[in-house]
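Structural description and commentary
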Amino acid sequence: MSEWQTVPDAAQRRLAETTFDRNVVVVAGAGTGKTTLLVNRLIHLIMREPQPVEVTRLVALTFTNKAATEMKLRLRHRLSGLLEAEVSEAGDPGAVTAAELRERYGLSTAQIATRADAALRGLEKAQIGTLHSFAAHLLRLHPLESGVDPAFRTDDDESRFREHFAAQWDLWVDRELALNGPQEARWRRLLAVRGLESLREMAYALRSELIPLDELRRQAEGGP
């Protein structure tokens, strides 16, 4: 028995990976194997009997390009391993194995390899990416119904946002740090401790949708 199979919630993890008739919510901290679980779930969908799912019909979304890239790379690695009817548990101890797939779905080694090969060839057509990229994909499929310009562009690399932020930051600095600025004295005291670049980095970080701006505003205003 592998070390992974001895973890207390191993049965619950496998249940989350193989339950397809209802929604499944997994709540877990960083480094506990959420990506492994999600990739396993994708593998089960591709391999399951009956009604296997073509990889081009799969949708797997996350918040950041980095996380989406990692998910796709790990799925590719897993499929490549199954193509050879094996998965290196040293690299990913929680990975579903060819033996498990054979036992659960009654597949032969050749059938697993065939489905893994088909999934690898179609992987780049699968919607594995960020929420924003998927939304843009849907808008491009139905621009007229959505009321958008078919030639619209997204800002996945944040280049346009960085340009906008830089311009707005310069305007803010000119206004707030001017000699007669409304809060010049307060900002001067803060900058003596933190520095202007540190303040700029903090302001830029507030762009994240994960930042609770309402809560920060309440704290700044001295609310309960």
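An account of the accompanying structure is given in this report. (Residues numbered from 1 in each chain as written. Predicted model: local features only at pLDDT ≥ 70, side-chain atom pairs only at ≥ 80, totals over all residues. Heavy atoms only, no water.)

Digging into the environment of alanine 178
Along the polypeptide, alanine 178 turns up in the loop between helix H8 (159-176) and helix H9 (184-194). Residue contacts for alanine 178: discarding those within four places in its chain leaves Val173 and Glu184. (Helix = DSSP H or I, 4+ residues; strand = E, 2+ residues; numbered from the N terminus. Contact = heavy atoms within 4.5 Å.)

Quick notes on the layout of surface pockets
Of the pockets and cavities examined, the largest pocket occupies roughly 1,000 Å³. If you trace the largest pocket, you find 31 residues lining it, with Lys34, Thr35, Leu38, Leu61 and Met71 closest to the centre. When contributions to the lining of the largest pocket are tallied by element, the ones reaching two or more residues are helix H2 (34-47), strand S1 (59-62) and helix H3 (65-83). Per-element tally for the lining of the largest pocket: the top contributor is H2, with seven residues. Across the lining of the largest pocket, the residue classes break down as 19 nonpolar, seven polar and five charged. (1 Å grid on protein atoms, 1.4 Å probe; cavity = no way out; pocket = protein on both sides within 12 Å on 5 of 7 lines; lining within 4 Å. Points joined across faces, edges and corners; volume = space filled by probe spheres on them. Nonpolar A, V, L, I, M, F, W, Y, C, P; charged D, E, K, R; others polar.)

Some details on the environment of valine 96
Tracing the chain through its elements places valine 96 in the loop between H3 and helix H4 (98-105). Under the relative-accessibility criterion, valine 96 is labelled buried at 0%. Sequence spacing of valine 96 and glutamate 17 is 79 residues, and the spatial spacing of their C-alpha atoms is 9.6 Å. (Buried < 20%, exposed > 50% of the residue type's maximum accessible area, 1.4 Å probe, protein only.)

Topic: the pattern of salt bridges
If you walk through the whole model with that rule in mind, you get 12 salt bridges. We note a salt bridge from lysine 72 to glutamate 124, for which the minimum N-O separation is 3.6 Å. Remark: glutamate 124 occurs in the loop between helix H5 (109-122) and strand S2 (127-130) and lysine 72 occurs in helix H3; sequence separation between them is 52 residues. For glutamate 124, a relative accessible area of 54% puts it in the exposed group. As a salt-bridge pair, aspartate 117 and arginine 121 come within 3.1 Å of each other at their nearest N and O atoms. Residue aspartate 117 and its partner arginine 121 are located together in helix H5, separated by four residues, close to a single helical turn. (Salt bridge = Lys/Arg side-chain N within 4 Å of Asp/Glu carboxyl O.)

Some points on the packing of H3 against H5
Where H3 contacts H5, the two axes come as close as 8 Å, and the packing angle between them is 145°. Every pair of crossing elements has a handedness; the one defined by H3 and H5 is left-handed. From H3, Arg76, Leu79, Ser80, Leu82 and Leu83 reach across to H5, where they touch Ile112, Ala113, Ala116, Asp117, Ala119 and Leu120. Residues belonging to the contact of H3 with H5 are distributed by class as follows: eight nonpolar, one polar and two charged. (Axes fitted to C-alpha atoms, helices over the stretch in contact; angles between N-to-C directions. Left-handed = near helix turned anticlockwise from the far one by under 90°.)

What about the environment of valine 55?
Examined against the element boundaries, valine 55 turns out to sit in the loop between H2 and S1. For valine 55, a relative accessible area of 6% puts it in the buried group. Taking C-alpha positions, valine 55 is 9.9 Å from isoleucine 128, a pair spaced 73 residues apart along the chain. In this structure valine 55 touches Ile46, Ala119, Gly122, Leu123 and Ala126, once residues within four positions along its chain are discounted.

Examining the nonpolar core
Among the nonpolar cores identified, the biggest contains 26 residues, and Ile43, Met47, Leu75, Leu79, Leu82 and Leu101 are the most heavily contacted of them. For this core, the secondary-structure elements that each account for two or more residues are H2, H3, H4 and H5. Here this core gets six residues from one element, more than from any other, and that element is H2. Beyond its immediate chain neighbours, meaning those up to four positions away, leucine 75 contacts Val39, Leu42, Ile43, Leu123 and Ile128. Core analysis: the second largest hydrophobic core is formed by nine residues, Trp169, Leu177, Trp187 and Leu191 among them. (Core = buried A, V, L, I, M, F, W, Y, C linked by side-chain atoms within 4.5 Å.)

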